[in-house]
Amino acid sequence: MLSAKLQNYLHLHFIIFVWGFTAILGELISIEAIPLVWYRMLLASGFVYLYIKIKRISLRVSRKLFLILFLSGIIIALHWITFFAAIKVSNVSITLAMLSTGAFFTSILEPIFYKRKLIWYEVLFGILVIFGLYIIFNVEGEYIVGIVYALCSAFLSSIFSLINGKIAQQYNSSMISFYELLSGVVIITIYLMGLTLFGKESEGFAISFFQLSVSDWMYMLLLASVCTAYAFIGSVQVMKYLSPYTVMLTINLEPVYGIALAFLIFGDSEKMSPQFYYGAVLIFCTVILNGIFKNAKKRKRPPTLGNITK
């Protein structure tokens with residue numbers, strides 16, 4: 001019989017595998033990034049709402065919290081739009097390698113967001129990440145647009161994690177997720193309606209917008225249910241048994257799983273130059289070292305309410 005901790009550790013790996021599969025679905029779904037994200041957030045918010053109803057979780061929030069969640073919803077929508085746009089104009093490997101820079105952006109933004117001093121090793125690791133990006137930019141120039149989209153996605157992801165890092169400690173995660181997903185749907189709907197009203201029906205809510213193929217519907221339902229609603233709820237569950245450090249380090253395997261899956265499924269279209277992998281490995285190792293240094297520093301601090309794992 002496996003211990004609860006080991007069961008949840010294996011569960012976490014499965015969830016990260018599922019997250020890695022998100023990029024594969026983005027490649028398989030034929031529609032463009034904006035409608036793709038609209039469908040994803042709409043369906044996922046519906047699945048999360050069902051979970052909230054089953055668990056009888058309250059959806060009451062203050063006006064201030066609602067505005068914060070609405071802003072977070074816009075950010076996560078833009079994060080996903082740029083993420084899937086990067087896949088559409090480049091490939092899964094490029095997108096996931098660039099997404100690894102999210103931890104770098106967070107380490108730079110965190111001192112500003114939480115008003116603390118910048119740490120020396122964060123600067124060093126930042127330089128290493130930039131060097132890794134330089135290697136990739138030099139050898140994969142044909143994917144420059146995809147690289148820029150993916151870097152924007154990573155940057156938006158880091159902002160989203162910093163905002164959620166403050167509110168997730170005080171409020172129910174399912175409630176937070178529901179409002180953020182729904183807010184994303186609302187803001188994208190307003191944008192698409194604006195395009196339709198100003199005569200750009202082909203880019204807005206045209207009839208073709210709602211005419212998805214059978215395969216697209218199947219992939220979309222898988223993306224919204226398993227890769228979004230289930231993965232979110234499952235990740236919250238495992239955090240009750242595993243330390244944040246363990247979770248953080250394991251999540252860094254997402255690009256590895258995703259790139260491996262992409263190569264197995266799409267074959268040569270995902271095969272990159274050796275220099276690309278050198279740059280990606282440098283970024284990946286830097287992110288892991290950053291996590292190790294941060295964990296070592298936390299262990300040296302005296303126990304406080306803020307750094308005790310519950």
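Residues numbered from 1 in each chain as written. Predicted model: local features only at pLDDT ≥ 70, side-chain atom pairs only at ≥ 80, totals over all residues. Heavy atoms only, no water.

*Asks:* Would you take a moment to explain the overall build of the chain for this structure?
*Replies:* When you go through the chain residue by residue, the secondary structure sums to 12 helices and 0 strands. Listed N to C, the secondary structure of the chain is α-α-α-α-α-α-α-α-α-α-α-α in terms of helices and strands. Working note: accessible area of the chain is about 16300 Å², and carbon and sulfur atoms make up 69% of it. For the chain, the centre of its 23 positive side-chain charges and the centre of its 13 negative side-chain charges are spaced 23 Å apart. (Helix = DSSP H or I, 4+ residues; strand = E, 2+ residues; numbered from the N terminus. Areas by Shrake-Rupley, 256 points an atom, 1.4 Å probe, with all protein chains shown as cover. Lys, Arg positive; Asp, Glu negative; His and termini not counted. Charge placed at Lys NZ, Arg CZ, Asp CG, Glu CD.)

*Asks:* What is the right way to look at helix α6 (residues 120–139) in this model?
*Replies:* An α-helical segment advances 3.6 residues per turn. Residues three or four places apart therefore align on the same side. Its 20 residues place the ends of α6 30 Å apart at the C-alpha level, agreeing with the 28 Å of an ideal helix rising 1.5 Å per residue. Every buried residue of α6 is accounted for by Y121, E122, F125, G126, V129, G132, L133, I135 and I136. (Expected span 1.5 Å × (residues − 1). Buried < 20%, exposed > 50% of the residue type's maximum accessible area, 1.4 Å probe, protein only.)

*Asks:* It is not clear to me how the packing of aromatic side chains should be interpreted in this structure. Could you clarify?
*Replies:* Here the distance between the centres and the angle between the planes together describe a pair of aromatic rings. According to the stated counting rule, one finds 18 aromatic pairs in the structure shown. Their ring planes at 65° and their centres at 6.1 Å tell us that F17 and Y257 sit as a pair that is edge-to-face. Taken together, the residues F17 in helix α1 (residues 4–28) and Y257 in helix α11 (residues 254–266) connect sequence positions 240 residues apart. Measuring from ring centre to ring centre gives 5.5 Å for F105 and F155, while their planes differ by 85°; the resulting arrangement is edge-to-face. Placement of the pair is F105 in helix α5 (residues 102–113) and F155 in helix α7 (residues 144–167), with a sequence separation of 50 residues. Linked through ring pairs, W38, Y39, F205, F209, F210 and W217 together constitute an aromatic cluster. (Phe/Tyr/Trp six-rings, centres within 6.5 Å; stacked < 30°, edge-to-face > 60°.)

*Asks:* Would you mind going over the nonpolar core with me for this structure?
*Replies:* Looking at soluble globular proteins, one finds that nonpolar side chains tend to be buried together. The biggest cluster of nonpolar side chains holds 77 residues, and the ones touching the most others in it are M41, F84, M98, I188, M220 and L223. Per element, the largest residue contribution to this core is 12 residues, and it comes from helix α3 (residues 63–89). For I188, the contacting residues outside a window of four places in its chain are I34, V37, W38, M41, A77 and I81. (Core = buried A, V, L, I, M, F, W, Y, C linked by side-chain atoms within 4.5 Å. Contact = heavy atoms within 4.5 Å.)

*Asks:* What's the story with the side chain of N91 in this structure? I'm lost.
*Replies:* Among the structural elements, N91 can be located in the loop between α3 and α4 (92–99). Of the residues examined, N91 reaches a relative accessible area of 3% and is grouped as buried. In terms of polar contacts, N91 uses its side chain to reach the backbone amide nitrogen of S93, at 3.2 Å. Non-local contacts of N91, meaning those with residues more than four positions away in its chain, are made with E27, A86, Y143, S269, E270 and M272. (Polar contact = N/O pair within 3.5 Å; in protein donor to acceptor, adjacent residues only side chain to side chain.)

*Asks:* Help me out: how do you make sense of helix α2 (residues 33–55) in this one?
*Replies:* Over its 23 residues, α2 runs 32 Å from end to end, which matches the ideal 33 Å to within 8%, given 1.5 Å per residue. Residues A33, P35, L36, V37, W38, Y39, R40, M41, A44, S45, V48 and I52 constitute the buried set of α2. Just past α2, the residue R56 takes up positive phi, approximately 55°.

*Asks:* Looking at this structure, how should I read the side chain of S174?
*Replies:* Tracing the chain through its elements places S174 in helix α8 (residues 173–197). In contact with S174, other than residues within four places in its own chain, are V48, Y51, I52, I57 and F232.

*Asks:* What's the story with the environment of Y149 in this structure? I'm lost.
*Replies:* Along the chain, Y149 turns up in helix α7. Measuring from C-alpha to C-alpha, the distance between Y149 and I108 comes to 19 Å, with 41 residues separating the pair along the chain. What Y149 contacts, discounting residues up to four positions off in sequence, is T82, A85, A86 and V89.

*Asks:* Mind showing me how you'd approach the confidence of the model for the chain here?
*Replies:* Chain-level statistics for the chain give a pLDDT mean of 83 and a share of 90% at 70 or above. Mean pLDDT per element in the chain: helix α10 (residues 244–251) is the minimum at 65, and α3 is the maximum at 95. The model gives residues 302–310 a pLDDT under 50, and that stretch makes 7 contacts with residues more than four places away or in other chains. (pLDDT = per-residue confidence, 0-100.)

*Asks:* How do you make sense of the packing of α5 against α7 when you look at a structure like this?
*Replies:* The relative placement of two packed helices is expressed as an angle between their axes plus a distance between the axes. Following both chains from N to C, one finds α5 and α7 inclined at 45°, their axes separated by 8 Å at the closest point. Relative to α7, the element α5 lies oblique. Seen along the crossing, α5 lies across α7 with a hand that is right-handed. Contacts from G102, F105, T106, L109, E110 and F113 in α5 reach L151, A154, F155, S158, I159, S161, L162, I163 and K166 in α7. (Axes fitted to C-alpha atoms, helices over the stretch in contact; angles between N-to-C directions. Parallel < 35°, antiparallel > 145°, perpendicular 65-115°, else oblique. Left-handed = near helix turned anticlockwise from the far one by under 90°.)

*Asks:* In this structure, what is going on with the packing of α3 against α7? I would like to understand it.
*Replies:* Where α3 contacts α7, the two axes come as close as 8 Å, and the packing angle between them is 155°. Overall, the two elements α3 and α7 adopt an arrangement that is roughly antiparallel. Remark: the crossing between α3 and α7 carries left-handed chirality. For the contact of α3 with α7, the class distribution of residues is 19 nonpolar, 7 polar and no charged. (Nonpolar A, V, L, I, M, F, W, Y, C, P; charged D, E, K, R; others polar.)

*Asks:* Explain a nonpolar patch on the surface to me, please; I cannot follow it from the model alone.
*Replies:* Together, V89, I144, V145, V148 and Y149 line one region of the surface with nonpolar side chains, adding up to about 390 Å² of accessible area. No other element matches α7, which puts 4 residues into the nonpolar patch. Tracing the chain through its elements places I144 in helix α7. Given the relative accessible area of 37%, I144 is considered partly exposed. (Patch = residues over 30% accessible without salt bridge, like charges linked within 9 Å, V, L, I, M, F, W, Y side chains within 5 Å. Salt bridge = Lys/Arg side-chain N within 4 Å of Asp/Glu carboxyl O.)

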